[in-house]
Each structure stands twice: as structure tokens, then as C-alpha cells.
Amino acid sequence: MHRRVRIAPFEIERFYERWEFSAELMLSSSDCESRPVADLLALEPDAGERLQSLHLGYTEVPGSPELRGAVASTYDLAGPDDVLTLAAAEEGIFLAYHALLDPGDHAIVEAPSYGSAVNLARSTGAEISLWQRRHEDGWAYDLDELERLLRPDTRLLYLNSPHNPTGSQLSAADQQRLVAMLAERGTVLLSDEVYRGLEHDEADRLPAACDIYERALSLNTVSKSYGLPGLRIGWLACRERSLLDRVRELKLYTTICSSAPSELLVALALRHSARLIGEARALVLGNLPPLAAFLARHEELFEWVPPAAGPIGFPRVRDDRDVRAWCERTAAEAGVLLLPGYVYDEPRHVRVGYGRAGLREALARLETHLAA
Ligand SMILES: Cc1ncc(COP(=O)(O)O)c(C=O)c1O
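Residues numbered from 1 in each chain as written. Predicted model: local features only at pLDDT ≥ 70, side-chain atom pairs only at ≥ 80, totals over all residues. Heavy atoms only, no water.

Turning to the overall build of the chain, a few remarks are in order. Secondary structure assignment for the chain yields 14 helices and 14 strands. In terms of overall dimensions, the chain is globule-like: its C-alpha atoms have a radius of gyration of 20 Å, near the 21 Å expected for 372 residues. If one aligns the C-alpha atoms of the chain with their principal axes, the spans along those axes are about 60 × 55 × 40 Å. Taking the intrachain contacts of the chain between residues at least 6 apart in sequence as the baseline, contacts between residues at least 24 apart amount to 75%. Accessible surface, the chain as shown: approximately 15,500 Å² in total, 51% of it carbon and sulfur. Placing the 40 positive and 56 negative side-chain charges of the chain at their respective mean positions leaves the two points 3 Å apart. (Helix = DSSP H or I, 4+ residues; strand = E, 2+ residues; numbered from the N terminus. Rg over C-alpha atoms; globule rule 2.2 N^0.38 Å. Contact = heavy atoms within 4.5 Å. Areas by Shrake-Rupley, 256 points an atom, 1.4 Å probe, with all protein chains shown as cover. Lys, Arg positive; Asp, Glu negative; His and termini not counted. Charge placed at Lys NZ, Arg CZ, Asp CG, Glu CD.)

Here's what the structure looks like:
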């Protein structure tokens, strides 16, 4: 008999819980530079007044109409009724898996992946196959391998493009082939699009999965490309109502509804998404050359597949040092925080983040530490 299973430890968040607020300089963050509330309130003349007079009652379960409208404006076909707001993307991963997978179902998760993508899928009791990509292959997407993994009754595929932690990006042609393979089997696509908008070349931006496939749930958040993780708002968009309804039913047991001030601020931010994402993208693109130059200066230690999107990359450490112990020492002694790859089951790698303003200072500090 199949049963639900205990959730494995979330190693990324455990590591950050230990180090994120004690290390001085962040060099591995997966989000872009955050902003003060005042910056958002300055976007519209009446925003401050609206926030001050907001009543702090419960909000609507799927999200306020204002917020769902603002979210829907980021899609071509998905409308406000196709949107379910969440307490950030993490809740979406939890809810989508637990609402849509039953013990004994088959699902596929790409690897390496953000830890909850694998652990929460497994915790449903479903049988999970990993669609593994590899540094040696330039993190290439092997769609023939995916076709071999897919079964006639595969229930769900989790895919994250642009990708955490490699910064790789699926091509439009591969996206189309992948969706056709899923549509043939009725497989649900849980498409984690939290880095959408941060493609280094804007021509690489993919259509949102929910706009091209009815059985796709597009997952997004203001945590990454918008640099607003403290608002804890994300959403799922899906045009097949029965799928979204099942997720909404389960949300009644987790958060019921979102935070009212956050809903207001996120709707405001989304109305100015081109500007906010544009600023984050400019920071990412400005930080990439000094980071690439640093890695090139230390090519005896690091090799990487240059990222195509997002604010993170995943170099491999060439020597045989204990990467986790080295990252912990670097945090403790130099105050620079890198993320060791063991948290992704890739112990020879290290995650670097380049979406923050302090990148040059962190690199200079790391350079001094390496020379010592
Ligand atoms: C790929 C991916 N999905 C989801 C999340 C969760 O995001 P949120 O902070 O909005 O819960 C993260 C956060 O690191 C992520 O990298």
C-alpha cells in the first residue's frame, strides 16, 4: 500500500537559516536587490493614502480582484479568474503537489532543482523520476531522455526555467516539443517561472506555460525578479479550472488568504512591472561581467557554464576540497556567503548570486580571502 511520507529536510533553507543573517556579504542570493516600502509607495500618487486607510480584515481566498487583475495582465490568455494568489511561490509548490498528486502516481521533477521541488513531490507518496541535467553536458535539456521517462499515465512534470541553480534557460522550440509530449498524455506541467523576466537576452523569454497549455500551472512570485520576497506573495495561473480548484481547496488548510497590505503593495508593484524588472535586470547584467572576470581569474579553482538567465550561476570547484566546509569557513572568516552545492545533491558545485548591489565588494573580499 502506498502512503504519504515524511518530508526530507530542506537543506538550502537550513543552510541559509544558519548563515544568511550572520554573514556580512551575500554572494549567493537567489533574489534580486530588495526595495524599501517607500520606493513602492512612490510609484503612484495615492498609494500611501490607500495603504494607511486599508482595513486589515481577511481578504478573498483566491486573492483580491485588484491583485488578480494585475497578475493577469502579465499573461496573454490567463485572466483574473485563472489566478490563485499564495503566500509566495513556496506555498504554490507545496499545494500543487499535494493537491494534484496521490500516493502511487508517477511524476517527474527536473534535477538539480530547488530543494522543495524534489522533497515535496516525494512527500506525497508519488513515485518520482528525476530528469537529470549535467554540468558535463553544459546543463543541456535532453528531451529524448524526458520522453523515455514519461509514462502513459505520468501525472505531473515540474520544470523551472529560467533555472535555479544553473541559470540555464529552455529554448522556445524545446518548450513546444515538451508541451506536445505532455499534452499527448494529459500530464500536468507545474512550470516554476519565478525568474521570468530576467532572461539576459530578452529574445529568449518563453511564453508563460499557462498561456500555451491548458494543463499547465504557471508559478510566479514577487520574491525574485521584483526583489520583494518580504511581501510573501506569489501565485499560480492555470486555465483549467478543475486543477486550480483543487489547489484552492487545499489552500484553505494552509493560509486561507493572503496578507492584505502585501496584496495592495504587490498589485501596485505589478502595475509597474516593466520598470521594476527592468531595474533588476540591469543590475544582473551589470554584475555579470565582474563575476565572470573573477571566475576567469580563478579558473584553476572554478569552471562554470555561463548562465543565460536569472541572478544565479553554479560553478564547479575543480580541486577536491570539501566544498561545504570551505563555504562555511568563507562565511565565518571572510563574511562572504556562498551556497555549497550539497544542498542540491551536487557537492562539487557552489551557487553564486549576482542580483545584489554589493557584488563587487563581496568579490573583492573573497579575492583577499583566497589569496590569504
Ligand atoms: C525556483 C524557485 N521556486 C520557488 C521559490 C520560492 O520562492 P518564494 O520566496 O516566493 O516562496 C524559490 C526561492 O528560492 C526558487 O528559487
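Structure's up, so let's keep going.
Further remarks concern the sheet that holds strand 3 (residues 106-111). The strand order 2-8-7-6-5-3-4 describes an open sheet built from seven strands, whose pairing is mixed. Both outer strands of the open sheet, strand 2 (83-86) and strand 4 (127-132), are each paired with one neighbouring strand and no more. Ignoring strand direction, the axes of neighbouring strands in this sheet form an average angle of 20°. Where strand 3 lies against strand 5 (residues 156-160), three bridges are found, and the strand directions are parallel. Counted as the bridge partner of Ala107 is Leu156 from strand 5. (Pairing = 2+ DSSP bridges. Axes fitted to C-alpha atoms, helices over the stretch in contact; angles between N-to-C directions.)

Taking 1.5 Å as the rise per residue, helix 14 (residues 359-371) with 13 residues should run 18 Å; its terminal C-alpha atoms sit 18 Å apart, in good agreement. Among the residues of helix 14, Leu359, Ala362, Leu363, Leu366 and His369 are the ones counted as buried. Across the axial projection of helix 14, the buried residues extend over an arc of 120°, all falling on one side. Facing away from the buried side of helix 14 by more than 90 degrees, the exposed set consists of Arg360, Thr368 and Ala371. (Expected span 1.5 Å × (residues − 1). Buried < 20%, exposed > 50% of the residue type's maximum accessible area, 1.4 Å probe, protein only. Arc of directions from axis to C-beta.)

In this section: the site of the ligand. Taken together, 15 residues surround the ligand, and among them Asn164, Asp192, Thr221, Ser223 and Lys224 come closest. The contact in question runs from an oxygen atom of the ligand to an N or O atom on the backbone of Ala89, over 2.9 Å. Asn164 places a side-chain nitrogen or oxygen 2.7 Å from an oxygen atom of the ligand. Protein burial of the ligand: of its 400 Å² of free accessible surface, 95% is covered by the chains. (Near = heavy atom within 4 Å. Polar contact = N/O pair within 3.5 Å; in protein donor to acceptor, adjacent residues only side chain to side chain.)

Moving on, we come to the environment of Leu217. Relative to the helices and strands, Leu217 resides in strand 7 (residues 216-221). The spacing of Leu217 and Val37 is 180 residues in sequence and 30 Å in space, taken between C-alpha atoms. If near-sequence neighbours (up to four positions away) are discounted, Leu217 is found in contact with Leu100, Val188, Leu189, Leu190, Ser191, Leu236, Ala237, Cys238 and Leu244.

On strand 2, burial covers both faces: Val83 and Thr85 on one face and Leu84 and Leu86 on the other are all buried. The sheet contact formed by strand 2 and strand 8 (residues 234-237) spans four bridges and is antiparallel. Its bridge partner being in strand 8, Thr85 is matched across the sheet by Trp235.

In terms of nonpolar packing, the biggest core is built from 102 residues, with Leu40, Tyr97, Val222 and Leu270 touching the most fellow members. No other element matches helix 12 (residues 273-297), which puts eight residues into this core. Two domains share this core, each providing at least three of its residues, namely domain 1 (11-37 + 274-371) and domain 2 (57-272). Setting aside residues no more than four positions away along its own chain, Leu270 makes contact with Leu67, Ala70, Val71, Val222, Tyr226 and Trp235. Residues Leu143, Leu149, Val179 and Leu189 belong to the second largest nonpolar core, which totals 19 residues. (Core = buried A, V, L, I, M, F, W, Y, C linked by side-chain atoms within 4.5 Å. Domains from an automatic or database assignment.)

Another aspect to go through is the sheet that holds strand 13 (residues 339-340). Taken together, the three strands give an open sheet; going across it, the order is 10-14-13, and neighbouring strands pair in antiparallel fashion. Across the chains shown, the open sheet's two edge strands, defined by having one partner strand only, are strand 10 (312-313) and strand 13. In this sheet, strand 14 (residues 350-353) lies alongside strand 10 in antiparallel orientation, the contact comprising two bridges. The residue bridging Ile312 from the neighbouring strand is Gly353, located in strand 14.

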